[in-house]
Amino acid sequence: LDAGDADIKVFAPDGSFRRLIGRKGSGPGEFRLPADLDVYAGRLFIADSGNRRIQVLDKTGACLRGFGVKQMPWKVLALDGERVVVARLASGPAGPAKAITCYLRDGAEAWSAVDTVVGGDSALDALRNQVSLLRAAGGFWFVRHFDDRVIKRLDVAGNPSGSLAPPESDLP
């Protein structure tokens, strides 16, 4: 994923260039500031930040569907064929909000989770509200909020089902 060129560069296992997917723009299969990419079941899920949407493409780059989101998407994680988790960088004067929203395939909001931290400095807030997302086996997934040392395990409905924390000896 190349945010500057607004495309996806596809390479062969030996490192040779194969093709481009997408280009700059706001139409289907076009991107403005693509921020993240997830691959699930042969489909590409793209956080198209500049267009404030999530696009779903097949592996050839054909646009299958897409939907708008309220905030600029920063991270995307397909939980299954029906649900997509989207994280945003929260900053600015809007006040506390949720950092993660789960959308259904039609773009309807299913649930939100993870409180943001807002301190009045938009640059610091953007840094403090970054999250990492990781799909796990058995229908679970993990999230780590930058401002928290705990990695949380959630189910596809966004319900907490455990957590991991570093040993106290690893903390500064």
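A brief report on the enclosed structure follows. (Residues numbered from 1 in each chain as written. Predicted model: local features only at pLDDT ≥ 70, side-chain atom pairs only at ≥ 80, totals over all residues. Heavy atoms only, no water.)

Overview of the layout of surface pockets
Defined as follows: With a 1 Å grid laid over protein atoms only, a set of points is called a cavity when a 1.4 Å probe fits there but cannot get out and a pocket when it is open yet has protein on both sides within 12 Å along at least five of seven lines; lining residues have an atom within 4 Å of a point. Grid points are joined across faces, edges and corners, and a volume is the space filled by probe spheres set on the points. Numbering goes from the N terminus for both helices and strands, where a helix is a DSSP run of H or I of at least four residues and a strand is a run of E of at least two. Residues were grouped as follows: Ala, Val, Leu, Ile, Met, Phe, Trp, Tyr, Cys and Pro as nonpolar; Asp, Glu, Lys and Arg as charged; and all remaining residues, including Gly, as polar.
Looking at the second largest pocket, its volume works out to about 170 Å³. If you trace the second largest pocket, you find 14 residues lining it, with Lys-70, Gln-71, Arg-88, Thr-101 and Tyr-103 closest to the centre. Of all the elements in the fold, those that place two or more residues in the lining of the second largest pocket are strand 10 (83–88), strand 11 (98–104) and strand 12 (109–115). Element by element, the count of residues in the lining of the second largest pocket is highest for strand 11, at five residues. For the lining of the second largest pocket, the class distribution of residues is seven nonpolar, three polar and four charged.

Some remarks on the packing of aromatic side chains
As a reminder of what qualifies: When two rings of Phe, Tyr or Trp (its six-membered ring) have centres within 6.5 Å they constitute a pair, described as stacked for plane angles under 30 degrees, edge-to-face for angles over 60, and tilted for the intermediate range. Summary of the burial criterion: residues with accessible area below 20% of their type's maximum are buried, those above 50% are exposed, and those between are partly exposed, where the area comes from a 1.4 Å probe applied to protein chains only. Two limits define a charge over a ring: the Lys NZ or Arg CZ must be within 6 Å of the ring centre, and within 35 degrees of the ring normal.
Per the stated rule, a full pass over the model turns up three aromatic pairs. Centroid distance Phe-67 to Tyr-103: 5.3 Å. Interplanar angle 40°. Geometry classified as tilted. Here Tyr-103 lies in strand 11 and Phe-67 lies in strand 8 (residues 63–68), a separation of 36 residues in the sequence. Under the relative-accessibility criterion, Phe-67 is labelled buried at 6%. Aromatic side chains Trp-111 and Trp-141 sit 6.0 Å apart centroid to centroid with 25° between the ring planes, which places their arrangement in the stacked category. In this pair, Trp-111 is assigned in strand 12 and Trp-141 in strand 14 (residues 140–145), connecting sequence segments 30 residues apart. The exposure classification of Trp-111 matches that of Trp-141, with both residues buried. Positioned above the aromatic ring of Phe-140 is the side chain of Arg-153, whose terminal nitrogen or guanidinium carbon lies 3.7 Å from the ring centre.

Some thoughts on the pattern of salt bridges
The test is simple: Should a side-chain nitrogen of Lys or Arg be within 4 Å of a carboxyl oxygen of Asp or Glu, the pair is scored as a salt bridge.
The tally for this structure, following the rule as stated, stands at nine salt bridges. For Arg-83, the salt bridge goes to Asp-80, with nearest N and O atoms at 2.5 Å. Among the residues examined, Arg-83 registers a relative accessible area of 25% and is labelled partly exposed. Classification of Asp-80 by relative accessible area gives buried; the value is 15%. The partner of Arg-105 in a salt bridge is Glu-82, and the shortest N-O contact between them spans 3.7 Å. On the criterion of sequence distance, the pair formed by Arg-105 in the loop between strand 11 and strand 12 and Glu-82 in the loop between strand 9 (73–78) and strand 10 is long-range, its members being 23 residues apart. Residue classification places Arg-105 among the partly exposed residues on the basis of a relative accessible area of 37%. Judged by its relative accessible area of 42%, Glu-82 is partly exposed. Connected through salt bridges with shared partners, the residues Asp-2, Asp-5, Asp-7 and Lys-9 form a single ionic network.

As for the sheet that holds strand 7 (residues 53–58)
What counts, and what does not: Two strands make a pair as long as DSSP finds a minimum of two bridges between them. Note on definitions: angles span 0 to 180 degrees between N-to-C directions of axes, and those axes are lines fitted to C-alpha atoms, for helices only across the stretch in contact.
Ordered in space as 5-6-7-8, the four strands form an open sheet in which the pairing is antiparallel. Since the sheet does not close on itself, it has two edges, and those belong to strand 5 (34–40) and strand 8, each with one partner. Strand after strand, the sheet turns through a mean of 15° between neighbouring axes, direction not considered. Across five bridges, strand 7 lies against strand 8 in antiparallel orientation. Its bridge partner lying in strand 8, Leu-57 is registered against Cys-63.

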